[in-house]
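Working through the structure, step by step
Now for the letters of each chain:
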Amino acid sequence: MKLREIVKLSHRKFISLKTRSTAMVITIGMLFGVLLAGMVILQGLENVELKYAGEKTNYQITLRFGDDPSNLDHVVNFDNIANASNFYDSIIQQKKYITEDGTRQVAVYKTYEHYKFQLYPLMLILMIIAVLILGLTIGHVISQDANVTALYYTLGASKLQVLTIHLCYILEVCFWAMIFAIILALVGVVAITYFGWNHFIDLFTETYQNQTAFPPILFGLNWGCVTILVVIYVSAPLALLLCLDQFSKKSLASKLKKGWKRCLVEAPWRFWKTVE
């Protein structure tokens, strides 16, 4: 069985289970869409506030440090906020005194980095939820379509090929969940930017007086956004591992046997119902 045939079979499964697949796409997409919107908005807020914080010094960052808080005679200049933040941390670890001269760009950067870091435990929780949703659904699909899976084995498919069919099915679900999450996040970002426009302008102009009123566009991208989207795909193989034992021929034979017993028990009742 070639890879193209495997992809076609997995897509047919996605189409045949359209209702269940759509439910998974919406559920997982909503969970990660909210998280993605939070990450994008926080990065957008950070970008806007850093513009306010660095305008006076033309976005140059000057750090003064030393052993005595009353005599910070060492001065270092930075153009990059991340490098300045790392240097700030290294001085603190050396138990020396350090302060930012003229602006509070490092303080703003560290505040938002702390907020974004708080989203990562939530990301892990959502990944576990997604794995459970996908795993339980795939387990139900295998039980329901045991005859189809058995047919794959009868036609000469290996266990790896059967696993790949179901993995491609989960990956397709994850792909559409990712698309739904991105759309939901964009809608959320646009809505919050629109309704909170005046509030954020008032907040920033009050904090940073006599400065340019930068537009509070709450849209920013970072590696955290990429990580959230990658986590959606990581859920697929993990979900498949949860129901790996159900792909064995012994397990399928047991399911088929139970199915035949159920048919034999229900057949007389269906016959008399038809006659009546």
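Just above sits the structure.
Residues numbered from 1 in each chain as written. Predicted model: local features only at pLDDT ≥ 70, side-chain atom pairs only at ≥ 80, totals over all residues. Heavy atoms only, no water.

**Looking at the packing of helix H2 (residues 18-54) against helix H9 (residues 223-242)**
Formally: In this analysis, axes come from line fits to C-alpha atoms, helices being fitted only over the stretch in contact, and the angle between any two N-to-C directions falls in the range 0 to 180 degrees. Numbering goes from the N terminus for both helices and strands, where a helix is a DSSP run of H or I of at least four residues and a strand is a run of E of at least two. The labels follow the angle: roughly parallel below 35 degrees, roughly antiparallel above 145, roughly perpendicular from 65 to 115, and oblique for the rest. In this description, contact between two residues means that some pair of their heavy atoms is separated by no more than 4.5 Å. Side-chain classes are defined by residue name, with Ala, Val, Leu, Ile, Met, Phe, Trp, Tyr, Cys and Pro counting as nonpolar, Asp, Glu, Lys and Arg as charged, and the others, Gly among them, as polar.
One can describe the packing of H2 onto H9 by two numbers: an axis separation of 9 Å at closest approach and a directional angle of 170 degrees. Considering the angle they form, H2 stands roughly antiparallel to H9. Each of Phe-32, Leu-35, Leu-36, Met-39 and Val-40 in H2 lies in contact with H9, whose residues at this interface are Gly-224, Cys-225, Ile-228, Leu-229, Val-231 and Ile-232. Classifying every residue of the contact of H2 with H9 gives 10 nonpolar, 1 polar and no charged.

**Side note on the layout of surface pockets**
Quick note on the threshold: Throughout, the protein atoms alone are placed on a 1 Å grid, and a set of points is a cavity if a 1.4 Å probe fits but cannot get out or a pocket if it is open with protein on both sides within 12 Å along at least five of seven lines; lining residues have an atom within 4 Å of a point. Grid points are joined across faces, edges and corners, and a volume is the space filled by probe spheres set on the points.
Each pocket or cavity is described by its volume, and for the second largest pocket that value is around 150 Å³. If you go around the second largest pocket, the residues you meet are Leu-36, Val-40, Ile-182, Ala-185, Leu-186, Val-189, Phe-219, Leu-221, Asn-222, Cys-225, Val-226 and Leu-229. Those elements giving two or more residues to the lining of the second largest pocket turn out to be H2, helix H7 (159-195) and H9. The element that contributes the greatest number of residues to the lining of the second largest pocket is H7, accounting for 4 residues. Taken together, the residues of the lining of the second largest pocket break down into 11 nonpolar, 1 polar and no charged.

**Looking at a nonpolar patch on the surface**
Heads up, the condition is: Only residues whose relative accessible area exceeds 30% and that form no salt bridge are eligible for patches; like-charged ones are grouped when within 9 Å, while nonpolar side chains (Val, Leu, Ile, Met, Phe, Trp, Tyr) are grouped when within 5 Å. Surface accessibility follows the Shrake-Rupley procedure with a 1.4 Å probe radius. Residue values consider only the protein chains on display as shielding. By convention in these notes, a salt bridge is any Lys or Arg side-chain nitrogen within 4 Å of a carboxyl oxygen on Asp or Glu. Remark: exposure states derive from per-residue accessible area (1.4 Å probe, protein chains only) relative to the maximum for the residue type, with buried under 20%, exposed over 50%, and partly exposed in between.
Taken together, the side chains of Trp-223, Val-226, Val-230, Val-234, Leu-238, Leu-241 and Leu-244 define a hydrophobic patch exposed on the protein surface, amounting to about 650 Å² of accessible area. Within the secondary structure, Val-226 sits in helix H9. Take Val-226: its relative accessible area is 40%, and that puts it in the partly exposed class.

**Looking at the environment of Ile-165**
Counting through the fold element by element, Ile-165 comes out in helix H7. On the accessibility criterion, Ile-165 (0% relative accessible area) is buried. For the pair formed by Ile-165 and Val-7, sequence separation is 158 residues and the distance between their alpha carbons is 6.7 Å. Dropping the residues within four chain positions of it, Ile-165 is found in contact with Met-1, Ile-6, Leu-9, Ser-10, Lys-13 and Tyr-152.

**A look at the packing of aromatic side chains**
Which entries qualify depends on this criterion: Each Phe, Tyr or Trp ring, with Trp reduced to its six-membered ring, pairs with another whose centre is within 6.5 Å; inter-plane angles below 30 degrees give stacked pairs, above 60 give edge-to-face pairs, and intermediate values give tilted ones.
Enumeration according to the criterion identifies 10 aromatic pairs in this entry. Centroid distance Tyr-194 to Phe-195: 5.1 Å. Interplanar angle 85 degrees. Geometry classified as edge-to-face. Members of the aromatic cluster, each reached through a chain of ring pairs, are Tyr-52, Phe-204, Tyr-208 and Phe-214.

**So, the side chain of Thr-137**
Our working rule: N or O atoms within 3.5 Å of each other form a polar contact, as long as, within protein, one can give a hydrogen and the other can take it, and as long as residues adjacent in sequence are counted only when both atoms are side-chain atoms.
Of note, Thr-137 is situated in helix H5 (residues 119-144). For Thr-137, a relative accessible area of 12% puts it in the buried group. Here Ile-133 takes part through its backbone oxygen, which lies 2.7 Å from a polar atom of the side chain of Thr-137. In this structure, Thr-137 is in contact with Arg-20 and Met-24, ignoring residues within four places of it in sequence.

**Looking at the sheet that holds strand S3 (residues 97-100)**
This is how the line gets drawn: Should DSSP find at least two bridges between two strands, the strands are regarded as paired.
If you trace the 3 strands from one edge of the open sheet to the other, you get S2-S1-S3, paired in antiparallel fashion. The outermost strands of the open sheet, each flanked by one partner alone, are strand S2 (74-78) and S3. Ignoring which end each strand starts from, the neighbouring axes of this sheet average 25 degrees apart. Alignment of strand S1 (residues 61-66) against S3, held across 4 bridges, turns out to be antiparallel. Opposite Phe-65, over in S3, you have Ile-98 as the bridge partner. Across the sheet, helix H3 (residues 81-93) is in contact with S1, S2 and S3; its angle to S1 comes to roughly 10 degrees.

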